[in-house]
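Single-letter residue listing:
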Amino acid sequence: MKNFILLALIITIVQSLGFPSFYHRSSDIHVEIAQAIQNCEGVELEMVRDYPKLSMVTLNKNQNKPNKGFVIFGEHARELISPETGLHFVKKLCNQNEDMKSIKDNYELRMIVNVNPLSREKVESGDFCKRENENGVDLNRNYKSHWSKDHDPEMVRTAPGPFAFSEAETQTVRDELKKFSPHVFFSIHSGTLALFTPYAYSKEQPTENISNMMQILTEVKEKHCETCKMGSCGHEIGYLSPGTSMDYAYDDLKIPYSFTFEIYHGGLDIRTKKHALKFLEVQSSHNKHRITDEEKLDQLLRDHSCFATTSTKEMPPDECFKYFNPEDKDQYDFYVENWSQAITLSLNRVAEQRQTQQQS
């Protein structure tokens, strides 16, 4: 028994050596946020759940700003780059650039930077394919909006939990959203490159405020992710995903601006705008129908979405890491900055649209 425990410990240590030093451990994320906001006027950090420990960053809390935004990062543990982007965004809040000044002047913000901390710790120890929470539940299928334990043939099989809001993490997001009643909601993921609006549970495209959301996403795509798919999630991906945070925010809580950003794809590099189609090379060689690069790209973006839940059961841990996260520091730095800018742009455009609506 002792030998077995020792062997397991050795395996864990060896696997964790593959965790890049420029990524942050869950405990370090909390500490770095606390340090970053010490001299940052209006930004606070509070605990909103004891177990698992969930902290929330607030900007201008209860200051009666004209706009309210809510952002969650890290619903899926293996998507490490999501909380890393959240951490970078919080640090930028304390900078004096003009875009962030506009956010500070016009927004009350609330952000849960690491919403799946216990499973992220598993990932940090080398279980790089871990998606669900500590109970084996997919948090982004556990919300009440069209939650379903059963799946029709068009739905990708996941682990939605025994009932809607069965998990402490989704209960916390639900409760904070209800108390706050924001105007805009973001959920940040990786696994593909996409800018999504509701619905995820249906291929039907919503009508409420969709033109305004699409106007914002069009600018984000142009400035920050030309390769991104864009539009209604279920329609664009072709898979149905009931029980998502985005649909819950939009459908149940009537938050008029509700988005999911998927910010990294291991087979595509938005820095160079070149399509690295390595994941389809084998399939294409056996396909009698010769498909174009555009068709390959479309298939890549569909199959690797966090909504599609592409199987990673046969994938080695290091491949899982590269699939969802940048593996070198230059790439990491580019992505956290690029998507922090994209979130900032989106928030500012929402504020501008709402001001125009109120004046008309």
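Residues numbered from 1 in each chain as written. Predicted model: local features only at pLDDT ≥ 70, side-chain atom pairs only at ≥ 80, totals over all residues. Heavy atoms only, no water.

The subject of this paragraph is helix H13 (residues 329-359). The terminal C-alpha atoms of H13, which comprises 31 residues, lie 45 Å apart, in line with the 45 Å expected from a rise of 1.5 Å per residue. The N-capping residue of H13, defined by a side-chain oxygen 3.2 Å from the backbone nitrogen of Asp 330, is Asp 328. (Helix = DSSP H or I, 4+ residues; strand = E, 2+ residues; numbered from the N terminus. Expected span 1.5 Å × (residues − 1). Polar contact = N/O pair within 3.5 Å; in protein donor to acceptor, adjacent residues only side chain to side chain.)

The next thing to look at is helix H5 (residues 117-124). Those residues of H5 that fall on the buried side of the exposure criterion are Pro 117, Ser 119, Arg 120, Val 123 and Glu 124. Relative to the axis of H5, the buried residues are bounded by an arc of 160° and lie together on one face. (Buried < 20%, exposed > 50% of the residue type's maximum accessible area, 1.4 Å probe, protein only. Arc of directions from axis to C-beta.)

Further remarks concern the nonpolar core. Within the largest apolar cluster, 62 residues are counted, with the highest numbers of intra-cluster contacts made by Met 111, Phe 261, Trp 339 and Leu 347. When residues in this core are grouped by element, the largest group, ten residues, is from H13. Counting residues in each nonpolar core, the second largest holds 16 residues, with Val 115, Tyr 143, Phe 185 and Tyr 248 among its members. (Core = buried A, V, L, I, M, F, W, Y, C linked by side-chain atoms within 4.5 Å.)

What follows deals with the pairing of strand E8 (residues 257-263). With seven of seven residues buried, E8 lies mostly within the body of the structure. Of the two faces of E8, both are covered, the one formed by Tyr 257, Phe 259, Phe 261 and Ile 263 as well as the one formed by Ser 258, Thr 260 and Glu 262. Inspection of the sheet shows strand E5 (residues 184-189) paired to E8 by six bridges, in the parallel sense. Paired with Val 184 across the two strands is Tyr 257, which belongs to E8. Where strand E6 (residues 193-197) lies against E8, four bridges are found, and the strand directions are antiparallel. The residue of E8 that forms the bridge with Leu 195 is Phe 261. (Pairing = 2+ DSSP bridges.)

Looking at the secondary structure, you find Ser 241 in the loop between helix H8 (233-237) and helix H9 (245-252). In the structure, Ser 241 is positioned 94 residues away from Trp 147 in sequence and 8.9 Å away in space, judged by C-alpha atoms.

What follows deals with the UniProt feature "active site" (unreviewed entry) in the chain. Under the local residue numbering, the UniProt record ascribes the feature "active site" (unreviewed entry) to Glu 262. Looking at the element boundaries, Glu 262 is found in strand E8. (UniProt positions renumbered as here; feature names shortened; annotations may be inferred.)

Glancing now at the state of the cysteines. Here the structure, examined in full by the defined rule, presents three disulfides. Residue Cys 129 pairs covalently with Cys 320 via a disulfide, S to S 1.9 Å. An S-S torsion of about 110° defines the bridge between Cys 129 and Cys 320 as right-handed. Here Cys 320 lies in helix H12 (residues 317-324) and Cys 129 lies in the loop between H5 and helix H6 (168-180), a separation of 191 residues in the sequence. For Cys 129, a relative accessible area of 17% translates into the label buried. Here the disulfide map of the chain reads 1-2, 3-6, 4-5, the bonded cysteines being numbered as they appear in the sequence. (Disulfide = S-S within 2.5 Å.)

Looking now at the environment of Glu 208. Within the secondary structure layout, Glu 208 lies in the loop between E6 and helix H7 (210-224). Judged by relative accessible area, Glu 208 falls into the exposed class, the value being 57%. C-alpha of Glu 208 to C-alpha of Asp 251: the two residues are 43 residues apart in sequence and 9.8 Å apart in space. What Glu 208 contacts, discounting residues up to four positions off in sequence, is Met 213 and Tyr 250. (Contact = heavy atoms within 4.5 Å.)

Here the focus is the side chain of Ser 119. Relative to the helices and strands, Ser 119 resides in helix H5. In contact with Ser 119, not counting residues within four places along its chain, are Ala 77, Lys 130, Glu 132, Asn 133 and Glu 134.

What follows deals with the packing of aromatic side chains. The full count for this structure, using the stated rule, is 20 aromatic pairs. Considering the side-chain rings of Phe 70 and Phe 180, the 6.4 Å spacing of their centres and the 50° angle between planes classify their relative orientation as tilted. Placement of the pair is Phe 70 in strand E3 (residues 67-73) and Phe 180 in helix H6, with a sequence separation of 110 residues. Classification of Phe 180 as buried rests on a relative accessible area of 2%. (Phe/Tyr/Trp six-rings, centres within 6.5 Å; stacked < 30°, edge-to-face > 60°.)

What follows is about the packing of helix H2 (residues 26-36) against helix H3 (residues 81-93). At a closest axis distance of 9 Å, the pairing of H2 and H3 adopts a crossing angle of 10°. Here H2 lies roughly parallel to H3, going by the angle between them. Where H2 abuts H3, its residues Ile 29, Glu 32, Ile 33 and Ala 36 lie against Pro 83, Leu 87, Val 90 and Lys 91. The residue makeup of the contact of H2 with H3, split by class, is six nonpolar, no polar and two charged. (Axes fitted to C-alpha atoms, helices over the stretch in contact; angles between N-to-C directions. Parallel < 35°, antiparallel > 145°, perpendicular 65-115°, else oblique. Nonpolar A, V, L, I, M, F, W, Y, C, P; charged D, E, K, R; others polar.)

Throughout the structure, instances matching the rule amount to 17 salt bridges. For Lys 101, the salt bridge is made with Asp 105, and the minimal N-O distance between the two is 2.9 Å. Here Lys 101 pairs with Asp 105, and both are found in helix H4 (residues 98-106), just four residues apart, close to one helical turn. Residue classification places Asp 105 among the partly exposed positions, given a relative accessible area of 39%. One salt bridge connects Arg 110 with Glu 108, and the closest N-O pair in it is separated by 2.9 Å. As far as the burial class goes, Arg 110 and Glu 108 line up, both buried. Residues joined in a network through salt bridges with shared partners are Glu 219, Lys 223, Arg 349 and Glu 352. (Salt bridge = Lys/Arg side-chain N within 4 Å of Asp/Glu carboxyl O.)

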